[in-house]
Amino acid sequence: MFDFSLRQVAAAALICATGTLAAAQQADPAPSGRAAFPSIALQESGASGERAIALLGDRLPAVAAAYRKSPQALREMLLRDNSLKLDRTGRLYVVDTLDRPLPPAPATPAEQQAAAESLAPLDQTFKLHTRPTAKRTIYLDFNGAVLQGTAWNGGTPTINALPFDSDGNSAAFSDAELERIQYIWQRVAEDYAPFDVDVTTEQPPAARLSRASATDDIFGTTVLVTNHNGVYACSCGGVAYLGIFDDTSDFYKPALVFWDMLGAGDEKYVAEAISHEAGHNLALQHDGYAGGGYYPGHGSGATGWAPIMGVGYYQPVVQWSQGEYATANNTEDDFAVMQATGLPLRKDDHGNKTGTATALTATPSGALTLLSGAGVIERRKDKDFFSFSAGAGTATISVSPDARAANLDLRLQVLDASGAQLRKAQPPATLAASLTVTLPSAGTYYLVVEGVGTGDPATTGYSDYGSVGQYTVSGSVPTP
């Protein structure tokens, strides 16, 4: 259990300090790689579409350059997406409205299994990290905060943002709330697994989030998960400024996610919103389509698909996208945009050929040897090679994606010592893959793991573009 008053005092100290500093830095120098943001003072805030274009007037090219866009691209963005707003300083922010009622999110068998197997001790809920030594950070703040001196304050000097609270007691977290926070973190961690970033629930030192100058390579952003009442008046799941992840100012942070608007804090809905709003901080636009502003996805069953920057509430496979579905109105390369805004891909964790294969962990068990391993597919064409020794006979091997909310659709191959394929598994209707293969003789064999797509991206499938993420390997082979 945690005392709310202590949590808010700590949060207030951090945000007040950074907010006051940021207020003096709104016309900050540009991060390396893009133009400085022009000094602008508009007479109104919240304009979109044609009105926003008119307000910018001859300053539009300078604003476009600061967002790494051409003037025409910025005009098209504003005309295409009414959720994209202009504040008084000429900055762009997004109000992610709920364009349809949210049904109860059903639990899947994988979620039910993960619920019993993958929790950290509950007293570690606010000490979770994915990559604690990474130079980039995405902090998931469920503790509430006092906002002062931020862009969200407007004419309100102090905003008291309440903590995540699904049981009506904001003074302490119940065990059920702590479990839900862990599962939300797991889902967001999977979305950002390809990147060299620490997704954490532990409040970092200010220096881990604030960027002191264009040469400072340690920085990040915060997504504050709070109740919208008294914070932001909207029928929306979240709000965030566009492309401020690598800014040398904290004035336009944090991104806000409103748990009370998302199925009363439903695990999947809140996690999808967090990844989405952090994506806006990383300069990603909405994945829309001819019939609406947020593409809801397509397909069905275990391989039903949607884009993270569309709306991922209704499908199990939710991935980064480059607009390959029918009538897509945004074909930006999500991975390229995020890297340009300061989020690097992580280094390849396993070799991509037999000569650099990683040896699987082997545990003798009588006539069989049990195999285990794990990894991350970090990029579209990544192939992870593993080696193992076995005797002649039957081998059974499986590879499984993240148990909670997989982004990765898997292909599995077994090769002999010469690199020739003995067996392949790529089931069309599931994300995991398994096979049974007869090993002809004792010796060294190889396992190849890679991400794939399924079906036609324009109809009911998806390509291998966003098929990245975490996986585990398990199996048994004859003891050599």
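None of the values given here were measured: they were computed from a predicted structure.

Analysis parameters
Residues numbered from 1 in each chain as written. Predicted model: local features only at pLDDT ≥ 70, side-chain atom pairs only at ≥ 80, totals over all residues. Heavy atoms only, no water. Helix = DSSP H or I, 4+ residues; strand = E, 2+ residues; numbered from the N terminus. Rg over C-alpha atoms; globule rule 2.2 N^0.38 Å. Buried < 20%, exposed > 50% of the residue type's maximum accessible area, 1.4 Å probe, protein only. Contact = heavy atoms within 4.5 Å. Areas by Shrake-Rupley, 256 points an atom, 1.4 Å probe, with all protein chains shown as cover. Lys, Arg positive; Asp, Glu negative; His and termini not counted. Charge placed at Lys NZ, Arg CZ, Asp CG, Glu CD. Disulfide = S-S within 2.5 Å. Pairing = 2+ DSSP bridges. Arc of directions from axis to C-beta.

Participant: Just give me the short version of the overall build of the protein chain, but keep the residues and values in it.
Facilitator: Looking only at helices and strands, the protein chain features nine helices and 21 strands. The C-alpha atoms of the protein chain give a radius of gyration of 23 Å, which matches the 23 Å a tight globule of 480 residues would have. Here the C-alpha coordinates of the protein chain stretch approximately 80 × 50 × 45 Å along the principal axes. When each of the 480 residues of the protein chain is scored for burial, the buried share is 55%. Considering only intrachain contacts with a sequence separation of at least 6, the fraction spanning at least 24 residues in the protein chain is 74%. A total accessible area of about 18,300 Å² is found for the protein chain, and carbon and sulfur atoms account for 54% of it. Here the protein chain contributes 33 positive and 50 negative side-chain charges, whose respective centroids are spaced 6 Å apart.

Participant: So, the state of the cysteines: which residues are in play, and what are the values?
Facilitator: Within this structure, the stated rule accounts for one disulfide. Between the sulfur of cysteine 234 and that of cysteine 236 lies a disulfide, 1.7 Å long from S to S. Taking the sign of the S-S torsion, about -50° here, the bridge from cysteine 234 to cysteine 236 comes out left-handed. By the burial criterion, cysteine 234 is buried, and cysteine 236 matches it.

Participant: Can you break down the pairing of strand β13 (residues 361–365) residue by residue, with the values?
Facilitator: On a regular strand, each side chain points to the face opposite its neighbour's, so the side chains alternate between the two faces of the sheet. The pairing of β13 with strand β14 (residues 368–377) spans five bridges and is antiparallel. For alanine 362, the partnering residue across the bridge sits in β14 and is leucine 371. Counting the residues between successive antiparallel strands, the hairpin from β13 to β14 contains two residues, one of them, glycine 366, with a positive phi of roughly 70°.

Participant: Go over helix α4 (residues 71–80), please, and point to the residues and values.
Facilitator: Burial in α4 covers these residues: Leu74, Met77 and Leu78. Buried residues along α4 cover an arc of 95° about the axis, so they all sit on one side. In this structure, the buried side of α4 is in contact with α2 (49–56), α3 (60–66), β1 (84–86) and β2 (92–97).

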